[in-house]
Amino acid sequence: MKKITLFAFGLFLVFSCSKDDPNDSVDPNANTPTSQNILSVQEINEFIETTLKKDGDIIWKNVPTTILYSAVMRGGGILSIGFGDKGESFSIEKSSGLIDAKSNVINTVRSFEGGAKSNDIVYDYDILNAIDVEISNIETIEALKSTDQIRYLDPLGYESFILSENTNVEEKSFGCETGGININTQDYRVISPNAWLPWSFDIHKVPQAWGYSTGSGITIGLIDTGISSSQNLLGSGFNDGVSTGRSVQRFGTFDGADSDQCGHGTSMASAMVSPRNDDGMPVGVAYNANLVAYRGTGDVLLESSRERRGVSNALRQLGDRSDVRIISMSIGYLWSIGSIKDAVRYANSKGKLIIAAGGTSTGFTNWYPVIFPASMSEVVAVTGIKDNGYNRCSNCHSGRQIDFTIVMQRASDNDRTVPVVGFNTNDRNVVGGSSVATATTAGIAALVWARNPNMSRDQVLDKLRRAGEFYPNRNRKFGYGNIDALKAVQ
């Protein structure tokens, strides 16, 4: 059965709790445990689960020192530190106060870690006011907690979270799919010059909107798993059929590669900008828009330090590009990540319209609302619904932070979602969840901006809101509701 891609949180591949020494734990309320007394993964996860269910997020700086220290040590000893005063997420030129704050952090770390080491600063975020350091002593965290101008302390490498009720672990590559499938003939129709129009586009009046705009002149930035080098329509065939005069670029901030190895990013790119081709393949919403695709993560779940750093760097780089107006991210995590939060705020300060997935999971939809970074006020949050009214897709999240909805799943069959080009040339696939809802919204935003090229980010967002089914009201679970693309471009 074809699975809906994105945020399969209930399928975490983690170190089994049985691998932890049952004696390798301490009372979480102890004040000064030794460095050898590290809580087990099970104990850390129980704390995380309780906190998420109570607060909806974790502010690691405020958790008991033993918990934070144990999570850091279970995550390779990497601690991410945001320095500066509240609101100082980034600065191109550091003030004397920020320089002093950074020096104070480094000196504190080194004084409790045995002096300066060549590798104690693992990563410096430069424009973002943050560094990643390697630690081994709990006293270091205790000292940092009492240090002025510390905005966050995150266990950047902790990736072993699993809900207590989800112990059957089968899959690591969340949202990944590289195979091709046959598409139900009722889920597309053929349009000129010989492209497949996904069924969901008609519901949002995308074909009618094309009479006013096709996205020409607008560049979308995609942060995901990259785009496949094996899919011609997202490479040398990007200008195919009636898609002309545009460009596609690939970059990588994760593991040094710029090409998709998962398939998720390829699907998102297709939903947004696949050409209106003459090859009998699915077309994207903004089929004349440009694309800048970043491989910032290995899959949709940002659980490793490399993925979190990769997404942060991709956001910062896209923020610096004057040609990029929209950033689409169908990725995320259950709790906020300081370095990504800083990077979102940096890109937002550059006028980018940042759109992110509200979340799609198998173990969290009954109690967890909108995931990070869609939960941020600087981000437009989108979720997916079925074609029988405002019913969430089978695994989609909803909540007060959702701004828009996109119809992307058949109520009669959860496996019938949105057709997209496949990982390889001449292959087709389907993709669902809040992932494709986000990519579709990004495409519609490109249509609006191309129609109104002199508008600001906030003006474009206002056009989208006014085109929402519930506008001027806002639904407590679905925001402004379904977007009418035709109304948005008129």
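Rules behind the numbers
Residues numbered from 1 in each chain as written. Predicted model: local features only at pLDDT ≥ 70, side-chain atom pairs only at ≥ 80, totals over all residues. Heavy atoms only, no water. Buried < 20%, exposed > 50% of the residue type's maximum accessible area, 1.4 Å probe, protein only. Helix = DSSP H or I, 4+ residues; strand = E, 2+ residues; numbered from the N terminus. Pairing = 2+ DSSP bridges. Axes fitted to C-alpha atoms, helices over the stretch in contact; angles between N-to-C directions. Parallel < 35°, antiparallel > 145°, perpendicular 65-115°, else oblique. Contact = heavy atoms within 4.5 Å. Nonpolar A, V, L, I, M, F, W, Y, C, P; charged D, E, K, R; others polar. Expected span 1.5 Å × (residues − 1). Disulfide = S-S within 2.5 Å.

Structural notes on the pairing of strand 14 (residues 418-421)
Alternating positions in strand 14 separate into two faces, Val418 and Val420 on one and Pro419 and Val421 on the other, with burial throughout. The pairing of strand 14 with strand 15 (residues 428-431) spans four bridges and is antiparallel. Note on strand 15: the bridge partner recorded for Val420 is Asn429. If you look at the hairpin formed by strand 14 and strand 15, you'll find six residues sitting between the two strands, and Asn426 has a positive phi there, around 75°.

Comments concerning unusual backbone geometry
Glycine aside, residues mostly have negative phi, and peptide bonds are mostly found in the trans state. The step from Ser192 to Pro193 runs through a cis peptide bond, and the omega angle for that step is 0°. Mapped onto the secondary structure, Pro193 falls in the loop between strand 5 (188-191) and strand 6 (195-198). Despite not being glycine, Lys205 has its phi angle at roughly 55°, a positive value. With relative accessibility at 34%, the residue Lys205 sits in the partly exposed group.

Observations concerning the packing of helix 8 (residues 305-319) against helix 9 (residues 338-349)
Where helix 8 contacts helix 9, the two axes come as close as 8 Å, and the packing angle between them is 10°. Here helix 8 lies roughly parallel to helix 9, going by the angle between them. Contact with helix 8, carried on its side by Arg308, Val311, Ser312, Leu315, Arg316 and Gly319, involves Ser339, Ile340, Ala343, Val344, Tyr346 and Ala347 of helix 9 and no other residues of that element. Looking at the contact of helix 8 with helix 9 residue by residue, the class counts come to seven nonpolar, three polar and two charged.

Considering helix 3 (residues 96-112)
With 17 residues, helix 3 extends 24 Å between its outermost C-alpha atoms, agreeing within 8% with the 24 Å of an ideal straight helix rising 1.5 Å per residue. Tucked into the core, helix 3 has its buried residues touching strand 1 (78-83), strand 2 (121-124), strand 3 (130-134), helix 4 (138-145) and strand 4 (150-154). Looking at the residues trailing helix 3, positive phi occurs at Gly114, about 85°.

Considerations on the state of the cysteines
Defined simply, a disulfide is a covalent bond joining two cysteines at their sulfur atoms. A complete count under the given rule lists two disulfides for this structure. Each sulfur of the disulfide joining Cys176 and Cys262 lies 2.1 Å from the other. Between Cys176 and Cys262, the S-S dihedral sits near -105°, and the bridge is therefore left-handed. Of this pair, Cys176 sits in the loop between strand 4 and strand 5 while Cys262 sits in the loop between strand 8 (248-252) and helix 7 (264-273), and the two are 86 residues apart along the sequence. Accessibility classification places Cys176 together with Cys262 in one group, the buried group. Here Cys393 engages in a disulfide with Cys396; their sulfurs sit 1.9 Å apart. For the disulfide bridge between Cys393 and Cys396, the dihedral angle about the S-S bond is near 90°, and by the sign convention the bridge is right-handed. Judged by its relative accessible area of 1%, Cys396 is buried. Sequence-ordered numbering of the bonded cysteines in the protein chain yields a pairing of 1-2, 3-4.

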